[in-house]
Amino acid sequence: MALVTAPERHFSPGRFGLAELIDFEVQLASDRDRPLEELLARDRAIALRWQDEPKSAPELVFRWLASVQPQGARPTLGERIARAHALANWAVFASFALLGAAVALAVLQFTGDHPINVLVVLGVFVFLQWINLAGTVVAFAWSRFSPGFLGHFPLSAFIRRLIVRLVGAEDAGRFLARRSLSAGVERWILFRALQVGAVAFNVGAIATFVAAVSFTDLPFAWSTTLQIGAEGLQRFCESLSAPWRGWLPDAVPTLDLVHATQYYRLDAAYVNAPPGARVQDAAIAGGWWPFLLMCLLVYGLLPRLLLVLWSLVGLRRALSGLPFDTPAEAEVIARLTHPRVRRVHEDDPGNTAPLGEGHQPLGRPQQLDSDRPVIAVLWREADISPEAFSARLRERFGVLVELPIASAGGHDHSEDEALLRRLEGSEQPVMLLAEPWNAPDRAFERFVRALRANGPPTRKIYVLLTTGGDEEQRDVWAGYLAELADPYIALGAL
């Protein structure tokens with residue numbers, strides 16, 4: 001989690017923020033407990049008030065959310081969490097700025113015994129930051145394949161605990177609802193938080209450095225046990241100065257400066273200084289500060305500022321790229337674009353089944369794209385003729401069925417393997433018919449995970465229950481499927 005500016009109640013179409021994302025999830029959860037007729041009346045009235053017709057699913061969702069949000073001075077849950085993130089942002093910035101100042105004070109400490117080693121300053125504020133920067137970028141790249149990985153960073157854990165204290169554990173957990181959908185948003189938010197901390201660290205260090213140079217006489221020198229001559233160090237410093245060498249030559253150490261400031265700690269004297277010239281050389285050694293300041297700016301602060309800007313762009317793209325194609329979202333769009341949602345069975349078990357604590361209810365199956373045939377599957381002993389199954393799917397969802405109709409979950413594992421090979425690499429939705437009394441088990445879970453492994457994570461899987469059975473059996477299906485935490489699974493009746 002990270003830091004977002006305070007949201008606007010009336011946002012621009014096509015642009016979601018963290019507040020809107022959370023409010024959208026809360027609204028979907030609230031609507032699941034309401035009768036469908038009430039939702040139809042509300043959303044059709046909203047659509048009729050629009051003077052123009054929204055052209056895309058995201059715009060429909062954005063405008064719908066703005067219409068159903070309560071109008072008043074009281075902030076929504078999403079706004080409260082977004083503001084809590086903004087406060088966390090300031091807390092992170094202040095903490096890391098103080099940390100950067102403390103590190104700079106320790107590195108720049110001068111007691112009068114020995115001058116400040118230029119190589120130590122470069123090591124702490126340039127080379128260690130390069131290592132940290134590389135590690136952060138690698139971790140961010142890895143988080144694409146391991147959602148939640150950045151959440152293990154200490155800074156991420158600190159921000160989450162702070163958010164929980166500000167808004168409460170239950171409300172803070174709303175961000176994790178349907179987490180597989182918002183994983184891209186979450187990783188950008190966490191990455192931005194890390195960069196905010198790094199920017200603050202450099203700001204604190206640079207401010208301390210400038211103050212120390214301005215109000216004290218800091219002598220600099222260089223000393224190392226490695227076999228590095230003055231000429232080699234000067235070439236190295238000149239290479240580091242490449243970004244500003246052409247327009248700020250005073251911030252490039254000269255060979256004379258490097259020769260004059262080589263220091264030998266055992267003798268507590270500059271190597272090339274004549275006897276009695278220690279004070280004079282200490283004054284000359286102050287010439288290192290423009291070079292060191294530019295190193296802090298160019299190699300410490302600037303890369304982190306660029307990464308903050310990159311994370312802002314990435315977060316905006318992640319928010320604008322939310323798919324809005326799960327069954328729950330498709331139901332909202334259907335209510336806004338169709339005069340009435342026709343149902344074969346008025347009581348949909350996917351909408352009324354009780355769920356285990358901590359899991360989101362399942363959405364209802366919705367109409368699918370009629371141009372793309374679907375794969376129909378009979379789970380175990382589901383008894384229906386292929387012709388009747390195809391006709392019901394065409395009537396209920398407006399789709400064509402790709403023949404042959406497959407079977408899965410039986411004793412013949414070759415049927416499962418043949419179906420998985422058939423689905424490999426395709427995006428076709430799967431319509432799976434099961435009997436309510438034939439409760440799901442680990443074999444069913446393995447089958448669903450295999451479907452996910454053999455295609456995109458956005459493949460729609462509609463689990464349809466035959467008639468018969470009782471409410472308790474249907475509740476078992478609803479609860480079991482909800483615990484899979486897959487937003488592209490829907491449960492309904494055929």
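Residues numbered from 1 in each chain as written. Predicted model: local features only at pLDDT ≥ 70, side-chain atom pairs only at ≥ 80, totals over all residues. Heavy atoms only, no water.

Caption draft 1: Molecular detail of the packing of helix α5 (residues 118-143) against helix α12 (residues 289-320). At a closest axis distance of 9 Å, the pairing of α5 and α12 adopts a crossing angle of 15°. As the angle between them shows, α5 and α12 are arranged roughly parallel. Crossing of α5 against α12: the hand is left-handed. Every residue of α12 that contacts α5 at Val118, Val121, Leu122, Phe125, Val126, Gln129, Trp130, Asn132, Leu133, Thr136 and Phe140 is listed here: Phe291, Leu292, Cys295, Leu296, Tyr299, Gly300, Pro303, Arg304, Leu307 and Trp310. Grouping the constituent residues of the contact of α5 with α12 by class yields 16 nonpolar, four polar and one charged. (Axes fitted to C-alpha atoms, helices over the stretch in contact; angles between N-to-C directions. Helix = DSSP H or I, 4+ residues; strand = E, 2+ residues; numbered from the N terminus. Parallel < 35°, antiparallel > 145°, perpendicular 65-115°, else oblique. Left-handed = near helix turned anticlockwise from the far one by under 90°. Contact = heavy atoms within 4.5 Å. Nonpolar A, V, L, I, M, F, W, Y, C, P; charged D, E, K, R; others polar.)

Caption draft 2: Geometry of the packing of aromatic side chains. Summed over the entire model, instances satisfying the criterion amount to 18 aromatic pairs. Ring geometry for Phe127 against Trp130: centres 5.3 Å apart, planes inclined by 90°, an arrangement best described as edge-to-face. In this pair, Phe127 and Trp130 are both assigned in helix α5, three residues apart and thus about one turn of the helix distant. According to the relative accessible area criterion, Phe127 is partly exposed, its value standing at 29%. Look at Trp288 and Phe291: their rings are 5.9 Å apart centre to centre, the planes differ by 65°, and that puts the pair in the edge-to-face class. For the pair shown, Trp288 and Phe291 are each scored as buried. Through successive ring pairs, a cluster of aromatic residues spans Phe127, Trp130, Phe236, Trp244, Trp288, Phe291 and Tyr299. (Phe/Tyr/Trp six-rings, centres within 6.5 Å; stacked < 30°, edge-to-face > 60°. Buried < 20%, exposed > 50% of the residue type's maximum accessible area, 1.4 Å probe, protein only.)

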